[in-house]
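A closer look at the structure
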Amino acid sequence: MDSEVIDTCTDDGTTTNKTDNNDTINWQRFHEWLHCICVVTFDLEIGQAMEAIYPENVRLTEKEKMNICYLAFPDSNSGCMGDTKFHIRLRVDPNTENTNLNEAQLNFNKICLPAIRADPGHFWGYVYFRQIKDKTLKRGYFQKSIVLLSRLPFIHLFNELTSIVAPAFFDNDETMLNHVCHEINAWPALQVRETLTLNILKQAFQIQIPAWNAKLQVQGLKDDSPTYQEVNVLNAPVPTRILSSVHEIDIFNSLYCVLSNLHMLWELVLIGEPIVVIGTSPTDCSHMVQSLVSMISPLVYASTSRPYFTIHDSEFKEFTQRQTGPPSIILGVTNPFFAKTLQHWPHIIRLSDCLMNYNKLMADAAGNSGTPSVSRFELSKVKSTTITSKFLDTSPGVYTQYKPFLQRDKNLIKKVLLGVKTKRPASIQSTLIRRHLLELTQSFMIPLERYIASLLPLQRDISPFKSTPVPNGFKQDDFIATLENSGPHLTSTCKGDWEGLYRKFFLSSNFREWYLNRHFELTQTLEAHQLQALAEADLLKWTRNKQEVEIVDMILKLKDKLQIFDDTQQNLTQPASVVLKKETRDNLLRQIDGIRSTLPDDLKEIIK
């Protein structure tokens, strides 16, 4: 029977350097970065329980607390002794005070990269779990987790933050987390393009959050110039680390074990196929899920993902017992129960009981004379036979009957494996893989971007005295016809059935999300072009043979179009692709004043 989760949060006084009551403190800056910090403990009678929430004025629903509690501990007896770090993602309860993003996060979403937008429907949780033997406790073990809850998918930054905050909490007392909340509340505002210094417990991180129009490319094209690196700042007041990214993780440590299947997995993620990652460690599972999601960057993964998922999650039935088959989702699980429950899923990645660490891999490579071969280091093979629980219990690998449309790039695989033999750092290996996947995705998306740009009506079709034209429809066959002369085969090293892959992509949520965003951008572009045409037209000449009612109608039309455009821009939940020039806006306002001057005085006042 499932355990009941209760909230046992109690007052813990004030911090060592503050005398204000927490209820009277303005936590606005804190909530730009984090929603709250949770302490989850194991109660011998009821199981996982919410011990405390910081700041104390934060309110979570019972369902949210229950999901956090179950996700904060490894599901089943996974043997995670010592300290374990991983991240989770859970749905925000609708129609509650937590449903909406705050103003700072909404503004942030309009200027940041799409991949790092504040999540309007989910919390991200960054977990630090400690399990050690303790004979003084009745159960014989100390089990407790610290969870940093946020709307921001800053996986790298917040995982590093938990490594500082959680041990300090375990070594001190609960007042430590109160102090941490005050320090985060003193952080700079959430903003892009600026170098931000984040102080925490006599240490600091230095970060720079990329803007939406930053170059979407992996730098460091030379093998000895990784992008995923951290350096310490010399002569800083406190020990300071520069993080090269707030969200990117070291994908090599996960993807090397499925290296031979890399291109197939890229296809599966691209077309939104359901994938389950089964392992024994929440760290391995969450890391693998995040690595998979990032494979199609800069295209945003539009389906859902759960880096770590348990049988107690409130969405368990929704994701695992659908009559219409598995949803478009990537799940990370550790409970052996899932091996049987999800054996009907079409694509399963079974991680080994303990992923071989990089040092062992390099040691194996060093002991092998000559050039490493793919078969020597191929840690995962495609299992195309019928999936059974026996296979899942004993044999790691990728289980699928999917036939890839593209051939894998053997040169990439050889290059990565050569790096293993030469003990190339994992950060550089990640750069090689990330750059290759980025170029592959760009080769796939550029023909689509080029085609959708052609759907804009011609400039001569835009008239200030006619309705705004609409973009031409996306016709799949017309697009396919363009591939022969401008398809991805001209830029990509991967060969295969690109047309088949595109047709599969058209059925995915990734395509729908991309198309809706691009169609909206085209519509806004046409609206801006017509406003420009209206601003440049000789409307006074137009009024000479017009009735008063037509002139009034034109004034109202101009006002409405300008207001609708402004409202649309104001309510955007993503970066604005079209901005109306101030000169154009001023000209439109002058046009309105000019044609209003041709009306009788009584009508002027009414229109004004």
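Residues numbered from 1 in each chain as written. Predicted model: local features only at pLDDT ≥ 70, side-chain atom pairs only at ≥ 80, totals over all residues. Heavy atoms only, no water.

Moving on: the environment of Cys 494. On the secondary structure map, Cys 494 appears in the loop between α17 (483-486) and α18 (498-505). For the pair Cys 494 and Leu 440, spaced 54 residues apart in the sequence, the C-alpha separation amounts to 8.0 Å. Among all residues touching Cys 494, those that are not within four sequence positions of it are His 263, Leu 406, Gln 407, Asp 409, His 436 and Leu 440. (Helix = DSSP H or I, 4+ residues; strand = E, 2+ residues; numbered from the N terminus. Contact = heavy atoms within 4.5 Å.)

Looking now at the packing of helix α7 (residues 262-270) against helix α15 (residues 426-453). Remark: α7 packs on α15, axes separated minimally by 12 Å, with the N-to-C direction vectors making an angle of 50°. Regarding the angle of α7 to α15, the classification is oblique. α15 is crossed by α7, and the crossing has right-handed handedness. Residues Leu 262, His 263, Trp 266 and Leu 270 of α7 pack against Ile 433, His 436, Leu 437, Leu 440, Thr 441 and Phe 444 of α15. (Axes fitted to C-alpha atoms, helices over the stretch in contact; angles between N-to-C directions. Parallel < 35°, antiparallel > 145°, perpendicular 65-115°, else oblique. Left-handed = near helix turned anticlockwise from the far one by under 90°.)

Here we take up the pattern of salt bridges. Counting across every chain of the model gives 17 salt bridges. One salt bridge connects Arg 130 with Asp 83, and the closest N-O pair in it is separated by 2.8 Å. With Arg 130 in strand β4 (residues 122-133) and Asp 83 in strand β3 (residues 82-91), the pair connects residues that are 47 residues apart, well separated along the chain. With relative accessibility at 15%, the residue Arg 130 sits in the buried group. (Salt bridge = Lys/Arg side-chain N within 4 Å of Asp/Glu carboxyl O. Buried < 20%, exposed > 50% of the residue type's maximum accessible area, 1.4 Å probe, protein only.)

Sheet architecture is open: 5 strands sit in the order β2-β1-β5-β4-β3, paired in antiparallel fashion. Either end of the sheet is taken by a strand with one partner, and the two such strands are β2 (47-54) and β3. Taken pair by pair, the neighbouring strands of this sheet meet at an average axis angle of 25°, ignoring direction. (Pairing = 2+ DSSP bridges.)

Of the two faces of strand β6 (residues 195-200), the one holding Leu 196, Leu 198 and Ile 200 is buried and the one holding Thr 195, Thr 197 and Asn 199 is not buried anywhere. Direction of pairing for β6 relative to strand β7 (residues 203-208): antiparallel, over a ladder of 6 bridges. Note that in β7 the partner of Thr 197 across the bridge is Gln 206. Connecting β6 to the next strand, β7, in antiparallel fashion are 2 residues, including Leu 201 with a positive phi near 50°.

The next thing to look at is the nonpolar core. Counting residues in each nonpolar core, the largest one holds 111 residues, and the members touching the most others are Trp 33, Phe 154 and Ile 209. Among the elements that make up this core, the one with the highest residue count is helix α4 (residues 155-171) (10 residues). The next biggest cluster of nonpolar side chains, apart from the first, holds 23 residues, and it includes Cys 38, Leu 90, Phe 123 and Val 147. (Core = buried A, V, L, I, M, F, W, Y, C linked by side-chain atoms within 4.5 Å.)

Further remarks concern the packing of aromatic side chains. Here a ring pair, both rings aromatic, is described through the centre-centre distance and the interplanar angle of the planes. Under the criterion given, the structure shown has 36 aromatic pairs. Taking the centre distance of 6.2 Å and the plane angle of 75° together, the rings of Phe 108 and Phe 154 count as edge-to-face. Here Phe 108 is found in helix α3 (residues 103-109), whereas its partner Phe 154 is found in the loop between β5 (141-150) and α4, with 46 residues between them in sequence. An identical accessibility class is assigned to Phe 108 and Phe 154; each is buried. Pairing Phe 316 with Phe 337 gives two aromatic rings, centres 6.3 Å apart and planes at 35°, and the pair type is tilted. Residue Phe 316 is found in helix α9 (residues 316-320), and its partner Phe 337 is found in helix α10 (residues 337-341); the two are separated by 21 residues along the sequence. By relative accessible area, Phe 316 is classed as buried at 11%. Ring pairs connect the aromatic residues Trp 266, Phe 444, Tyr 451, Phe 474, Phe 479, Trp 498, Tyr 502, Phe 505, Phe 506, Phe 511, Trp 514 and Tyr 515, which therefore count as one cluster. (Phe/Tyr/Trp six-rings, centres within 6.5 Å; stacked < 30°, edge-to-face > 60°.)

The next point concerns the confidence of the model for the chain. Mean pLDDT over the chain stands at 83; residues scoring 70 or higher make up 83%. Across residues 384-393 the pLDDT falls below 50, and counting only partners more than four positions away or on other chains, this stretch makes 21 contacts in the model. (pLDDT = per-residue confidence, 0-100.)

Another aspect to go through is the packing of α15 against helix α19 (residues 509-536). One way to put it is that α15 packs onto α19 with a least axis distance of 11 Å and a crossing angle of 35°. The way α15 lies across α19 gives a crossing that is right-handed. Along its contact with α15, which presents Met 445, Leu 448, Glu 449 and Ile 452, the element α19 presents Trp 514, Tyr 515, Arg 518, His 519 and Leu 522. Per-class residue counts for the contact of α15 with α19 are 6 nonpolar, 1 polar and 2 charged. (Nonpolar A, V, L, I, M, F, W, Y, C, P; charged D, E, K, R; others polar.)

Let us look at α7. Burial runs high along α7: 9 of the 9 residues are buried. Within the span of α7, buried status applies to Leu 262, His 263, Met 264, Leu 265, Trp 266, Glu 267, Leu 268, Val 269 and Leu 270. Just beyond α7, the residue with positive phi is Gly 272, at close to 70°.

What follows concerns helix α2 (residues 62-71). Since one α-helical turn is 3.6 residues long, residues separated by three or four positions face the same way. Across the 10 residues of α2, 7 count as buried, placing the element largely inside the fold. The complete set of buried residues in α2 reads Glu 64, Lys 65, Asn 67, Ile 68, Cys 69, Tyr 70 and Leu 71. Lining the buried residues of α2 we find β1 (36-43), β2, β3, β4 and β5.

Let us now look at the pairing of β5. Consecutive residues of a regular strand have side chains that alternate between opposite faces of the sheet. With respect to burial, β5 is a largely interior element, 8 of its 10 residues being buried. As paired elements, β1 and β5 share 6 bridges and run antiparallel to each other. Residue pairing for β5: Cys 38 is matched across the bridge by Val 147. Alignment of β4 against β5, held across 10 bridges, turns out to be antiparallel. Looking at β5, one finds that Arg 130 is bridged to Lys 144.

With that settled, consider the side chain of His 247. Relative to the elements of secondary structure, His 247 occurs in the loop between β9 (240-243) and α6 (252-255). For His 247, a relative accessible area of 18% puts it in the buried group. Sequence-distant contacts of His 247, defined by excluding residues within four places in its chain, comprise Ile 116, Pro 153, Phe 154, Ile 155 and His 156.

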